[in-house]
Each structure stands twice: as structure tokens, then as C-alpha cells.
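Topology and contacts: notes
Each chain, written out:
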Amino acid sequence: MAIEIVATGRYLPTRRVTNDDLAKTIDTNDEWIRSHTGIGSRHYAEPEQATSDLAYEAAMNALENFAPGKAAETALTLDLVIVATSSPDYYGFPAVACIVQDRLGATNAGAFDVSAACTGFVYALDAAAGMLAFGNRKRALVIGSDVLSKITNWDDRGTCVLFGDAAGAAIIERTDAPSTGAGKRGLIHSVLHAQGSGAQELKCERGGTRNPYKDGETLEKATHLYMNGRAVYNFAVKAFTDVMQELLDLEGITMERVKKIIPHQANERIVQAAAKRFGLPEDKFFMNIEKYANTSAATIPVALDEYAHTGDLKKGDIIMTVGFGGGLTYGGNLIVW
Ligand code: ACO
């Protein structure tokens, strides 16, 4: 029995905003953003678009890629809909996954959200795999979707230029392929970690039960994302390389066996530091931060879908995901395609 990714999909909102566009209203410039992060542009959701809208589009794309013209039929075969997000349509409930489940007509599926910030898809994939391995569930839809533009502090130029909105999706299935020995397939290892001592370094400060809005309070600004960029950067470089090594050790292989690494992309420099530490060429990593910026839980599934569509990824290839983010969380998956 193997847990395999059988289709992927993505959605980027149509509104594309370049660094030069941002520099018209924010005290920043293309040179600073590119040289400090590798970001050239990002996509933003429209005012009427919420996280579930992006998630739904990515899900439909994955369903269409799985069985063209049969999205509704496939949706009925789903046992689980899981959405990784840290910018839900509604705080607390309902889960974004429930809204997506309804819109897809996935009436046979259980639905819930995973909150692990930018590591969300890595966590959600492993949660889905565990749940498919147990009981009589066969097929799950795992989505990473975030609209951080709506919780960004637009007065903080050190964070507001970093994020974009997007959603990515994967359909995963319990199959009869072997999961051990030669010819094994699917998700073979996951590592999930948290360093909760760093929780305050990256957070949404208002609106939760720690710091709720008060009756009659007039808000000057919406809920804001706060990040201690330097602290998160230092955490990220170590977390990133630790996860890479841990996955290799679990499988007893070296990096030569890994075809591509699909990383979370918060800053190109974090990936470059990891590449240097492992002595790897930068093209070992599938990068799209230049086009999309940091799209939080969507980064890894969007990159996975883009990579899968390049034609470079063949059955039997080993790929690795590596994520890190708020929580602080970090982790990765090792997958035989
Ligand atoms: N445009 C122009 N100048 C800027 C900008 C900007 N957008 N932002 C900051 N600066 C200036 C600062 O004011 C500062 O100027 P000063 O030296 O005159 O005071 C200078 O640039 C350097 O600022 P730093 O904050 O020290 O810049 P740094 O090199 O640390 O880069 C960054 C900041 C890009 C945020 C980096 O720290 C980083 O990538 N951190 C990690 C982010 C991350 O991994 N997040 C995790 C995922 S997010 C999630 O989970 C939701």
C-alpha cells in the first residue's frame, strides 16, 4: 500500500503587482526587494476574493488535471478535504475546507483546516497520508491557500513587500503500489517539527482570544501580521538544512538521489544558504519566488504543480519538500513520484 500524489493544481489571482508598482505607494524600490529577497512581483486577490475562493480554483484545477471534464464525479469520490491556511475566511469557524467541500460538491468528504503557517502543506500532506493509511478512506484533496495581502501591515515595508496570494492543491490516494523495497512509490517519509518558543516572532497580533477586539472599538487598521524578520531568517536557515539532512538520513540516501527540492520560498537567500551548506547547485531547487513572492501555505503546492508540468518529473523520481514558518513550524516530505 502506497500513498501517492495522483494530480496537482494551482491558482494565482489575476492581479499582478510588480516591485515598481509597490514603490509608487510604499517607501521601497525594486533593487532593495530583489537584492534582499529575490522577489520581482506577486499576485493579489481581489477585494471580493477570500482564501476559500482561491482554494476552490486550485482544487478544480487539480480535479481537472486528474480527470478532465469529470471534476464533479471525482469530487464525490473524495474522503477528505484538508486546507492548510493561516488566513481563513472566518476566524475560528467554519473551516475553509468546509466551504471548499460544499462548493466542490464533495459531499462524502470530511473537511478540516490545518494551521501550521508556511509549513501547512507539509503538515497537511502527512496528516492526509496517515488518515488514508487507516480505515477505509482512499482519496484526499490537500490544499494550501493563503491571502496574506488582507492581513498585511502596509505600513511595515520590511514585511508588506514579501507576500503574495495563491493556492495550490494535490489529490492523494491510497494505491496498491509498494511503499517499501525496490519500486516503492508515494510519500515515504515526513518530518514535522515545531519550535513554539519562537511563537511570538511571527504572529497576527489582534483578533484572537489573547488580544480580542473590544465592543465599540474603532479599528484604525485590520488585523496585522508581525514578523521579526532577522530572528525568523536565522531560524529558517537552520530549520531548512536540518530537515533536508533528516529526510536523507531517514531514507539512507545522499542528495544525488534527489531529483528536485520543492522549498517554501520566503526569501531566495534562505534557499541559497541551504544550497551552499550542502554544496548543491541552485537549480536543485524549484524556484518561483521571483514571480509569486512568499505565498505561505500555497508556495509548496504551487511550485510542485508548476514543476510537475515542466515534464522533468518522471515516475520513480525522488523529490523533497521543505517548509518553515509561523509557529514556528518546520518540516518536509520525501516523495517517490
Ligand atoms: N524597501 C527598502 N528598504 C527596506 C525595506 C524595503 N521594503 N524593508 C526594510 N528596508 C530597510 C530597513 O529599513 C533597513 O534600513 P536601515 O539599515 O537604514 O535601518 C534595511 O533595509 C535592512 O533591514 P533588515 O530588516 O535588517 O533587512 P534584512 O536584510 O534582515 O531583510 C527580510 C529583511 C527580507 C524580512 C529578512 O529578514 C527575511 O527574509 N526574514 C525571514 C522571512 C521568513 O522566512 N519568513 C517566514 C515565513 S513567513 C510565514 O510563515 C507567514
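Remember, predicted model here, so these are calculated numbers, not experimental data.

Comments concerning the overall build of the protein chain
If you tally the helices and strands in the protein chain, you get 11 helices and 13 strands. Taken over the C-alpha trace, the protein chain has a radius of gyration of 19 Å; the compact-globule value for 337 residues is 20 Å, and the two agree within 12%. Over its C-alpha atoms, taken along the principal directions, the protein chain stretches across nearly 55 × 50 × 35 Å. Scored against the burial criterion, the 337 residues of the protein chain give a buried share of 54%. Expressed as a percentage of contacts within the protein chain between residues at least 6 apart in sequence, the contacts between residues at least 24 apart total 76%. Accessible surface computed for the protein chain: about 14,500 Å², of which carbon and sulfur atoms make up 50%. Considering the protein chain, the positive charge centre built from 33 side chains and the negative charge centre built from 41 side chains are found 3 Å apart.

A short note on the packing of aromatic side chains
Throughout the structure, instances matching the rule amount to 5 aromatic pairs. Between the aromatic rings of F240 and F285, the centroid separation amounts to 6.2 Å while the plane-to-plane angle is 45°, which identifies the pairing as tilted. You can see F240 sitting in helix α8 (residues 229-251) and its partner F285 sitting in the loop between α9 (268-278) and α10 (289-292), a full 45 residues away along the chain. By relative accessible area, which is 3% here, F285 ends up buried. An aromatic cluster is defined as three or more aromatic residues linked by ring pairs; in this entry it consists of F240, F285 and F324. Here the guanidinium or amino end of R103 rests over the ring plane of Y56, the centre of that ring lying 3.9 Å away.

Here we look at the environment of R230
Residue position: R230 is located in helix α8. Given a relative accessible area of 64%, R230 falls into the exposed group.

Some points on the side chain of T18
Position of T18 among the secondary structure elements: in strand β2 (residues 15-18). In this structure T18 comes out as buried when scored by relative accessible area, which is 19%. Residues within four places of T18 in sequence aside, it is in contact with G40, S41 and R42.

A short note on the sheet that holds strand β11 (residues 258-263)
With mixed pairing, the 4 strands of this open sheet are ordered in space as β8-β13-β12-β11. Two strands bound the open sheet, and with one partner strand each, they are β8 (186-194) and β11. The mean angle between the axes of side-by-side strands here comes to 15°, regardless of whether they run parallel or antiparallel. Where β8 and strand β13 (residues 329-336) come together, 8 bridges link them in antiparallel fashion. Paired with V191 across the two strands is G332, which belongs to β13.

A short note on the site of the ligand
Close contacts around the ligand come from 26 residues, with T28, C118, R157, R230 and N267 the closest. Here T28 contributes a side-chain N or O atom positioned 2.6 Å from a nitrogen atom of the ligand. Separating an oxygen atom of the ligand from a side-chain N or O atom of R230 is a distance of 2.9 Å. Within the complex, 73% of the 1,000 Å² of free accessible area of the ligand lies under protein. Contributing elements (two or more residues each) for the shell around the ligand: α2 (30-37), α7 (157-160), α8, α9 and β12 (318-325). Among the elements that take part in the shell around the ligand, α8 stands out by supplying 4 residues, more than any other.

What counts as what
- Residues numbered from 1 in each chain as written.
- Predicted model: local features only at pLDDT ≥ 70, side-chain atom pairs only at ≥ 80, totals over all residues.
- Heavy atoms only, no water.
- Helix = DSSP H or I, 4+ residues; strand = E, 2+ residues; numbered from the N terminus.
- Rg over C-alpha atoms; globule rule 2.2 N^0.38 Å.
- Buried < 20%, exposed > 50% of the residue type's maximum accessible area, 1.4 Å probe, protein only.
- Contact = heavy atoms within 4.5 Å.
- Areas by Shrake-Rupley, 256 points an atom, 1.4 Å probe, with all protein chains shown as cover.
- Lys, Arg positive; Asp, Glu negative; His and termini not counted.
- Charge placed at Lys NZ, Arg CZ, Asp CG, Glu CD.
- Phe/Tyr/Trp six-rings, centres within 6.5 Å; stacked < 30°, edge-to-face > 60°.
- Lys NZ or Arg CZ within 6 Å of the ring centre and 35° of its normal.
- Pairing = 2+ DSSP bridges.
- Axes fitted to C-alpha atoms, helices over the stretch in contact; angles between N-to-C directions.
- Near = heavy atom within 4 Å.
- Polar contact = N/O pair within 3.5 Å; in protein donor to acceptor, adjacent residues only side chain to side chain.

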